[in-house]
Amino acid sequence: MVTEQLVDLSRLQFAATAMYHFLFVPLTLGMVWLLVIMESAWVMTGKLVYKDMTRFWGKLFGINFALGVTTGITLEFQFGTNWAYYSHYVGDIFGAPLAIEGLMAFFLESTFIGLFFFGWDRLSRTQHLMVTVLMAVGTNLSALWILVANGWMQHPVGAEFSYETMRMELVDFWAVLFNPDAQAKFVHTVSAGYVTGAMFVLAISAWYLLHGRDREFARRSFSIAAAFGFASVCSVIVLGDESGYVVSEAQQTKLAAMEAMWETEPAPASFNVIALPNEAEMKNDYALHIPWVMGLLGTRSLDQEMPGIRDIVARNRERVEVGVEAVRLLEALRADPSNADLRERFDAVKEDLGFGLLLKKYAASMDEVTPELMDRAARDTIPQVAPMFWSFRLMVAFGFALLALFGLALWHSVKGTFEGKPWLLRWALCFLPVPWVASELGWFVAEYGRQPWTIYGVLPTHLSVSTLSVESLYGSLAGFVGFYTLLLMVEMYLMVRFARQGPGSLGTGRYLNETAHA
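Residues numbered from 1 in each chain as written. Predicted model: local features only at pLDDT ≥ 70, side-chain atom pairs only at ≥ 80, totals over all residues. Heavy atoms only, no water.

1. Remarks on the overall build of the chain
- Secondary structure assignment for the chain yields 18 helices and 6 strands.
- For 518 residues, the compact-globule estimate of 2.2 N^0.38 gives 24 Å, and the C-alpha radius of gyration of the chain, at 25 Å, lies within 12% of that figure.
- C-alpha atoms of the chain, sized along the principal axes, occupy 80 × 50 × 40 Å.
- Expressed as a percentage of its 518 residues, the buried residues of the chain come to 52%.
- Restricting to contacts in the chain with at least 6 residues of sequence separation, those with at least 24 account for 78%.
- Looking at the chain as shown, the accessible area adds up to about 22,200 Å², and 64% of this sits on carbon and sulfur atoms.
- Side-chain charges of the chain comprise 37 positive and 49 negative groups, with the mean position of each set lying 13 Å from the other. (Helix = DSSP H or I, 4+ residues; strand = E, 2+ residues; numbered from the N terminus. Rg over C-alpha atoms; globule rule 2.2 N^0.38 Å. Buried < 20%, exposed > 50% of the residue type's maximum accessible area, 1.4 Å probe, protein only. Contact = heavy atoms within 4.5 Å. Areas by Shrake-Rupley, 256 points an atom, 1.4 Å probe, with all protein chains shown as cover. Lys, Arg positive; Asp, Glu negative; His and termini not counted. Charge placed at Lys NZ, Arg CZ, Asp CG, Glu CD.)

2. Thoughts on the packing of aromatic side chains
- Evaluation of the coordinates by the stated rule reveals 29 aromatic pairs.
- Here the aromatic rings of Y85 and Y89 are separated by 5.6 Å at their centres, their planes lie at 35°, and the arrangement is tilted. In this pair, Y85 and Y89 both sit in helix α4 (residues 84-118), 4 residues apart, roughly one turn of the helix.
- Accessibility expressed as a relative area gives 30% for Y85, which makes it partly exposed. (Phe/Tyr/Trp six-rings, centres within 6.5 Å; stacked < 30°, edge-to-face > 60°.)

3. Concerning the packing of helix α2 (residues 25-45) against helix α5 (residues 125-154)
- Running from amino to carboxyl end, α2 crosses α5 at an angle of 160°, the nearest separation of the two axes being 9 Å. Comparing the axis directions of α2 and α5 gives the class roughly antiparallel. With respect to the hand of their crossing, α2 and α5 are arranged in left-handed fashion. Touching T28, L29, V32, W33, L35, V36, E39, S40, W42 and V43 of α2 are R125, H128, L129, T132, V133, M135, A136, V137, T139, N140 and A143, all from α5.
- Residue classes in the contact of α2 with α5 are distributed as 13 nonpolar, 6 polar and 2 charged. (Axes fitted to C-alpha atoms, helices over the stretch in contact; angles between N-to-C directions. Parallel < 35°, antiparallel > 145°, perpendicular 65-115°, else oblique. Left-handed = near helix turned anticlockwise from the far one by under 90°. Nonpolar A, V, L, I, M, F, W, Y, C, P; charged D, E, K, R; others polar.)

4. Observations regarding the domain arrangement of the chain
- Here the chain is partitioned into domain 1 (183-243 + 384-448), domain 2 (249-309) and domain 3 (324-380).
- A C-alpha centroid distance of 48 Å is found between domain 1 and domain 3. (Domains from an automatic or database assignment.)

5. Considering the confidence of the model for the chain
- Confidence in the prediction for the chain averages 90 pLDDT; 97% of positions are at 70 or higher.
- Across the chain, element-level confidence peaks in helix α16 (residues 422-430) with a mean pLDDT of 96 and bottoms out in helix α10 (residues 293-299) with 82.
- Low pLDDT (under 50) marks residues 512-518, which in the prediction has 15 contacts with non-local residues, meaning those over four places away or in another chain. (pLDDT = per-residue confidence, 0-100.)

6. Quick notes on α2
- With 21 residues, α2 extends 31 Å from end C-alpha to end C-alpha; this agrees with the ideal 30 Å at 1.5 Å per step.
- The element α2 is extensively covered by neighbouring structure, given that 16 of its 21 residues are classed as buried.
- G46 sits one or two positions beyond α2 and adopts a positive phi of about 80°. (Expected span 1.5 Å × (residues − 1).)

7. Here's the deal with helix α14 (residues 371-380)
- Along α14, the positions that sit buried rather than exposed are L373, M374, A377 and A378. The buried residues of α14 all sit within an arc of 140° when viewed along its axis, so they share a single face.
- Those residues of α14 hidden inside the fold are in contact with α11 (309-335). (Arc of directions from axis to C-beta.)

8. Description of the packing of helix α3 (residues 48-81) against helix α18 (residues 470-501)
- The geometry of α3 relative to α18 is characterised by a closest axis approach of 10 Å and an angle of 175° between their N-to-C directions. Classed by the angle they form, the pair α3 and α18 counts as roughly antiparallel. Facing F56, K59, L60, I63, N64, L67, T70, T71 and T74 of α3, the residues of α18 in contact are F480, F483, Y484, L487, V490, E491, L494, M495, F498 and A499.
- Of the residues contributing to the contact of α3 with α18, the split by class is 13 nonpolar, 4 polar and 2 charged.

9. Here's the deal with unusual backbone geometry
- Omega for the bond connecting A267 with P268 falls within 30 degrees of zero, at -5°, which places this linkage in the cis form.
- Within the element layout of this structure, P268 appears in the loop between α9 (252-258) and β3 (271-278).
- A cis amide bond links Q451 with the next residue in sequence, P452, at an omega value of 20°.
- Within the fold, P452 resides in the loop between α17 (434-448) and β5 (453-455).
- Not every positive phi belongs to a glycine, and D214 is a case in point at roughly 45°.
- Here D214 shows up in the loop between α7 (180-210) and α8 (215-250).
- Although it is not a glycine, W292 adopts a positive phi angle of roughly 75°.
- Here W292 shows up in the loop between β4 (283-290) and α10.

10. Here's the deal with the pattern of salt bridges
- Counted according to the given criterion, the structure contains 20 salt bridges.
- Residues E259 and R393 are paired through a salt bridge, measuring 2.6 Å at the closest nitrogen-oxygen approach. A residue pair is termed long-range when its members are at least 10 positions apart, and E259 in the loop between α9 and β3 and R393 in helix α15 (residues 385-415) qualify at 134 residues. By the burial criterion, E259 is buried, and R393 matches it.
- Between K350 and D347 there is a salt bridge whose closest N-O contact spans 3.7 Å.
- Members of the salt-bridge network, linked through shared partners, are R215, E216, R219, R220 and E419. (Salt bridge = Lys/Arg side-chain N within 4 Å of Asp/Glu carboxyl O.)

Laid out in structure tokens, this is it:
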């Protein structure tokens, strides 16, 4: 059997590389549409300040994109090196959207990024604007296909298990593409990226204004970022609510852990604003409730119950018992594949096969399974509640704090008074890292909350890993963390350097004085 240490190290390595990679992704997603807006303003008005804005912010976008690609490549290779059985088991489905992303979206994105940087003197204004728009489309298409793959991990649809190949096989590509979890995750994730891009431009523009430099450039950048950021953060909140509703339908375990709901309450369920989860006794030592709110958000109704963790564990205990039978029938069917009776009996219980596979962590054979091991496997289906509960609430708190910031920034932009509000400019500058923190917390909730599965309800994490030595994993983990930290330091150095230089680094001669010419 695979050791727990091997599984934990494999998870830690993938988590570390994914978290590093997602430091670059949101800024790419958000900045690209800001470039479209700025260049559109230049094409429509002819004011050179908008062209300079597009070129300057585009330079910072290019730095971030290059380093983001570098950190992203290794992620896909890890599916083969560290998660070999996962790749074998679900590669037919999971590999399709990743292949489409590489062949269509990434090539489109990369091609037009080249034209964006080298086409300023070779293309007309309209042609270059179209290049920028297509670059933005390619960037978002890239995110779409990756999130379609991830959405399938959260809510596996359009696939069936084949006892002949011992793999999941694709039966409905369109079900995978239009998976509600994938679509909700896509719009929520890209909206969070838009907030990150807007915050980046807003904070740096605020820094210029606080230092009294490049004021016309900074004023226009600040105003565009405020409007775009306000619309984006409103989208994040609304779409985040929709994403939570999808989770309540497809992953009740995750939602119950996020809300520290140990017991099934009468509908509509209350919302725990603050709670102190007690994992050992499966209760909250303290909780501050708001009546009805969770039921309304989670079910969109007043009469539908939301199951608590205790009831979910009891239900999963029944599924584990059925899963044991499914594993036994599968083993018999593999030995006698022409037996129609075995095939019919297996088809009746194969939906719970994954729950039987949870026991492979504790027993090499189903003959060794005891009721106590079944109880343990059922309890394993619940992720640790406290990290889920507090991570989700921190993410939500940051979201509403950003809503307040962008709302005030937009209000004072419309009134034309933000330059005289140093407290607002300092707030914007101090909040620069907040969208990244919120995004990382969101991904933690999404991925940690799926445990103990790599494919929810289908393939346990402990069966997904490659057979590697613990020593080699320690070495690769240290190498990845060291290399990615170096790349992050390079990114921060280049960003700070060019941001400090400001639009004067464009060499246009329009930013030699305190105020730029429009």
